[in-house]
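# Structural characterization, general
Each chain is listed here by its residues.
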Amino acid sequence: MKKCLSLLFVLALMTSVSFTQEKKVVATKDAPQPIGPYSQGIKAGGFIFASGQIALDPATGKLIEGDIKAQTERVLKNLSAVLAAAGSSMDRVVRTTVFLKNISDFPAMNEVYGQFFKNEPPSRSTVQVAALPKDALIEIDVVALQ
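Residues numbered from 1 in each chain as written. Predicted model: local features only at pLDDT ≥ 70, side-chain atom pairs only at ≥ 80, totals over all residues. Heavy atoms only, no water.

As a further point, take the pairing of strand 5 (residues 123-128). Regular strands have side chains that alternate between both faces of the sheet. Strand direction decides the pairing type here: strand 4 (residues 93-100) and strand 5, joined by 6 bridges, are parallel. Paired with Arg95 across the strands is Ser123, a residue of strand 5. Note on the crossover from strand 4 through helix 3 (residues 106-116) to strand 5: the handedness is right-handed. (Pairing = 2+ DSSP bridges. Helix = DSSP H or I, 4+ residues; strand = E, 2+ residues; numbered from the N terminus. Right-handed = clockwise from strand over helix to strand, strands pointing away.)

This is the structure in structure tokens:
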């Protein structure tokens, strides 16, 4: 009897915790609109999965002019806007992937990146790629806690 009550308690507890399999699209006008069939972000399972952002100006949809530092800053501001629309922030990011057109831009990118992730920076992978959409210098995607 005692074992049965314990099992019922565990089951009741599990159903009261939100283990939802639902997903919700995240969209904001404060970040560039998607240039393909994807969402700016998805909320699911307690996480926000923000699609890769390049240095597009949200107002014009055009790639900004500037070097890797300028483009990195724009990308991270775009990601910040997506996370804010999802009810999260850069402080809640747990994982990033950085795609660089030229790996020699790593030190300059890293300098700007560090300004956005001062305390408890997320895990990260950085890779050089052959090309990025619109001939951008950088693309970054993130996973954050809700």
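So, next bit.
Before going further, it helps to spend a moment on the side chain of Thr72. Along the chain, Thr72 falls in helix 2 (residues 68-85). Classification of Thr72 as buried rests on a relative accessible area of 0%. Not counting residues within four places of it along the chain, the set of residues in contact with Thr72 comprises Met109, Val112, Tyr113 and Ile138. (Buried < 20%, exposed > 50% of the residue type's maximum accessible area, 1.4 Å probe, protein only. Contact = heavy atoms within 4.5 Å.)

One turn of the α-helix equals 3.6 residues, which is why residues spaced by three or four share an orientation. Listing the buried residues of helix 3 in full gives Met109, Val112 and Tyr113. When helix 3 is viewed along its axis, its buried side chains cluster within an angular range of 105° and face the same direction. Those residues of helix 3 that are exposed and aimed more than 90 degrees away from the buried face are Pro107 and Gln115. In the core, the buried residues of helix 3 are packed alongside helix 2, strand 4, strand 5 and strand 6 (138-145). (Arc of directions from axis to C-beta.)

Summed over all chains, the structure comprises 2 aromatic pairs. Summarising the aromatic geometry, the rings of Phe47 and Phe49 are spaced 6.1 Å apart at their centres and angled 45° between planes, so their arrangement reads as tilted. Ring centres 4.7 Å apart and planes at 45° place the aromatic pair Tyr113 and Phe117 in the tilted group. Taking NZ or CZ as reference, Arg124 lies 4.5 Å from the ring centre of Tyr113, over its face. (Phe/Tyr/Trp six-rings, centres within 6.5 Å; stacked < 30°, edge-to-face > 60°. Lys NZ or Arg CZ within 6 Å of the ring centre and 35° of its normal.)

Before going further, it helps to spend a moment on the nonpolar core. Counting 24 residues, the largest nonpolar core has Leu79, Ile138 and Ile140 as the members making the most contacts within it. Mapped onto this core, the elements with two or more residues apiece are strand 3 (47-53), helix 2, strand 4, helix 3 and strand 6. Excluding residues within four positions of it along the chain, Ile138 makes contact with Gln53, Ile54, Ala55, Ile68, Gln71, Thr72, Val75, Val98, Phe99, Leu100, Met109 and Leu132. Formed by 5 residues, the second largest nonpolar core is a distinct cluster that contains Ile54, Leu56, Val129 and Ala136. (Core = buried A, V, L, I, M, F, W, Y, C linked by side-chain atoms within 4.5 Å.)

In this fold, Arg95 is placed in strand 4. The sequence separation of Arg95 and Val143 amounts to 48 residues, and the corresponding C-alpha distance is 5.1 Å. Aside from chain neighbours lying at most four places away, what touches Arg95 is Pro122, Ser123, Arg124, Ser125, Asp141, Val142 and Val143. Of note is the side chain of Arg95, whose polar atom sits 2.7 Å from the side chain of Ser125. (Polar contact = N/O pair within 3.5 Å; in protein donor to acceptor, adjacent residues only side chain to side chain.)

The next subject is the side chain of Thr28. Among the secondary structure elements, Thr28 is positioned in the loop between strand 1 (23-26) and strand 2 (41-44). Residue Thr28 is classed as buried on the basis of its relative accessible area, which comes to 12%. A distance of 3.0 Å separates a polar atom in the side chain of Thr28 from the backbone nitrogen of Asp30. Ignoring any residue separated from it by four or fewer positions in sequence, one finds Thr28 in contact with Gln33, Gln40, Ala81, Val82 and Ala85.

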